[in-house]
Amino acid sequence: MKRPTSARTKLASKDLGEYISSWRKLRGLTMQQLAEKANTTRVTISKLEHGDSKVSLETFLNVCGSLGVLDRVKEAIDPYETDFGRIRADQELPQRVRSRS
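Procedures and definitions
- Residues numbered from 1 in each chain as written.
- Predicted model: local features only at pLDDT ≥ 70, side-chain atom pairs only at ≥ 80, totals over all residues.
- Heavy atoms only, no water.
- Helix = DSSP H or I, 4+ residues; strand = E, 2+ residues; numbered from the N terminus.
- Buried < 20%, exposed > 50% of the residue type's maximum accessible area, 1.4 Å probe, protein only.
- Contact = heavy atoms within 4.5 Å.

With respect to the side chain of S13
Stage number 1. Here S13 is to be found in helix α1 (residues 7-26).
Stage number 2. With relative accessibility at 12%, the residue S13 sits in the buried group.
Stage number 3. Contact partners of S13, with chain neighbours within four places excluded, come to G51 and S53.

A closer look at unusual backbone geometry
Stage number 1. The residue N39 is not glycine, and still its phi comes out positive at about 60°.
Stage number 2. If you trace the backbone, N39 turns up in the loop between α2 (31-37) and α3 (42-49).
Stage number 3. Owing to a relative accessible area of 71%, N39 belongs among the exposed residues under this scheme.

Below you can see the structure in the form of structure tokens.
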């Protein structure tokens, strides 16, 4: 059984959608133009901009690439771009992480 989407995830999706919409407008693109550049549909762009978290990661990344912000998105989740990640950088990462029982 699938768990319901958390409020935090819904809020993040909404924020990301607003950012995508702002970038699109700053670039002077219509939804249709962005859809064509990102190899998707105008309806999917609309869903993404309205915070639909079910839009695929591939589509999200294609849209970010089409808007010229893909490298910034990747950098935002790079653990070695954080203080914590830099502190742990000299430690070997485990191949797997098992849950603690």
